Structure formats: C-alpha cells, structure tokens
Amino acid sequence: CHKMSVISLLVEFLTILCLPVMAGRELSTLTLDKAPESYATGEFCNITSTMMSKDGRWLLLRKCDYMPSDTGESTPKNGILLFDLRNAHRSGCAAVRGMVNAAAFAGNTHLLLSTSDKTELFDLKKYTSIYFNGAIEFKVIENTDLFILHYNEEGKYRLELRDLNGSLLNVINDVSRF
C-alpha cells in the first residue's frame, strides 16, 4: 500500500513537471492508445485551470491554444487533457478532447464535457461515451448520481434530468433560461 502511494506521488510529480510538454498540439476526441505520441510536442499553450475528482484519481487540465484566422486575428481553441493518477501502468493522457466549453466531474466515475453543439458523458472506468446532440449546457447535482441537460433551439429548449447511465428520468419542455 505504501509502495502504491509513493508511485502515485511520483506520477503526480512527473505530470506537473511535464505540463508544458504535454500541453502541446490539440487532438480532437482521441482517447488512450489511439492518441499518437505527437501530443507531447514542443508547442505551448496556456493551462487555464485544473480540476480533480473528489477521490483524487483523475486530474483534468483545461488548456487554451490560439488558432490564426483568415482575418489575421487569433481565436481561442479550448481543450482538456485528462490524467489517471492512480494507474501507474499507463503513462500519458487517459483522454484528450478539443473545443470544450465546460467540464465537470459527476461523482468519481463520470465526466461531463460540453461543446458548442453537444454534451458528452464520459465513463471514466470503461472509457466509453454517450453523446447528447443539441445539449449545450449541463449541471451536475451534487451528492447524487444525477445531472441536468439544457438543449438549444434544435432540441426545442428542453431540460432533461438524467442519471449517470445516461437514462432519461424527466423532461421539461420550452425552458428559456437555465
């Protein structure tokens, strides 16, 4: 047990030391072994915030790159890097996502991520996802296994209550503010 805690601390220490390297080139919607080694490049970006799951196993880093546009101005491109701090057998990112507007842990087993047109419910144990197209905002209900999704015009502005399996529990239609 003591050996595992030392290994865990070493992984955390090395992760923090390597942040400038790991915060490089953007990868959209890649996970685990599908992510090429090129995510560790010499390119840099801004780490805008960090978030950790309540049990301390998962570390999420929000990063912001700037992409040049046709007008000559740079536009921000937000993404996340997710690390499993208790898995000493796997090095590197557990998941990488691009263009993420909001992220929150739902308990210690799931992560909610929203983009401009959908929300992803990512299962941290199985490394699988459920996507809710048109859901542009979410709210995790603390101390429960529930969350709320708010949909855009295409989703008829509905509000949904769901559990961490993604199952629909209740719906309210035509919600203008959330």
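Residues numbered from 1 in each chain as written. Predicted model: local features only at pLDDT ≥ 70, side-chain atom pairs only at ≥ 80, totals over all residues. Heavy atoms only, no water.

1. Regarding the packing of aromatic side chains
So, step 1. Tallying each qualifying case throughout the model produces three aromatic pairs.
So, step 2. An angle of 65° between the planes, with centres 6.2 Å apart, marks the rings of Phe132 and Phe147 as edge-to-face. With Phe132 in strand β9 (residues 128-133) and Phe147 in strand β11 (residues 146-151), this pair connects stretches of sequence that are 15 residues apart. In terms of burial, Phe132 and Phe147 fall into one category: buried.
So, step 3. Through a chain of ring-to-ring contacts, three or more aromatic side chains come together here, namely Trp58, Phe122 and Tyr127.
So, step 4. Looking at Arg97, its charged tip hangs above the ring of Phe122, at a distance of 5.1 Å from the centre.
So, step 5. The positively charged end of Arg158 is found above the aromatic ring belonging to Tyr151, 3.8 Å away from the centroid. (Phe/Tyr/Trp six-rings, centres within 6.5 Å; stacked < 30°, edge-to-face > 60°. Helix = DSSP H or I, 4+ residues; strand = E, 2+ residues; numbered from the N terminus. Buried < 20%, exposed > 50% of the residue type's maximum accessible area, 1.4 Å probe, protein only. Lys NZ or Arg CZ within 6 Å of the ring centre and 35° of its normal.)

2. Considerations on the sheet that holds strand β8 (residues 118-123)
So, step 1. Strand order in the open sheet formed by four strands is β6-β7-β8-β9, with antiparallel pairing between adjacent strands. The sheet is open, and its two edges are formed by β6 (102-106) and β9, each paired on a single side. Recorded for the sheet is a direction-independent mean angle of 15° between the axes of neighbouring strands.
So, step 2. Bridge analysis of β6 against strand β7 (residues 110-114) gives five bridges, and the strand direction is antiparallel. Within β7, the residue paired with Phe105 across the bridge is Leu111. (Pairing = 2+ DSSP bridges. Axes fitted to C-alpha atoms, helices over the stretch in contact; angles between N-to-C directions.)

3. Some remarks on the environment of Gly92
So, step 1. Counting through the fold element by element, Gly92 comes out in the loop between β4 (74-84) and β5 (95-98).
So, step 2. Judged by relative accessible area, Gly92 falls into the partly exposed class, the value being 25%.

4. Considerations on unusual backbone geometry
So, step 1. Positive phi values are uncommon outside glycine, yet Asn143 reaches one of about 60°.
So, step 2. Despite not being glycine, Tyr157 shows a phi value in the positive range, around 50°.
So, step 3. Its place among the elements puts Tyr157 in the loop between β11 and β12 (159-163).

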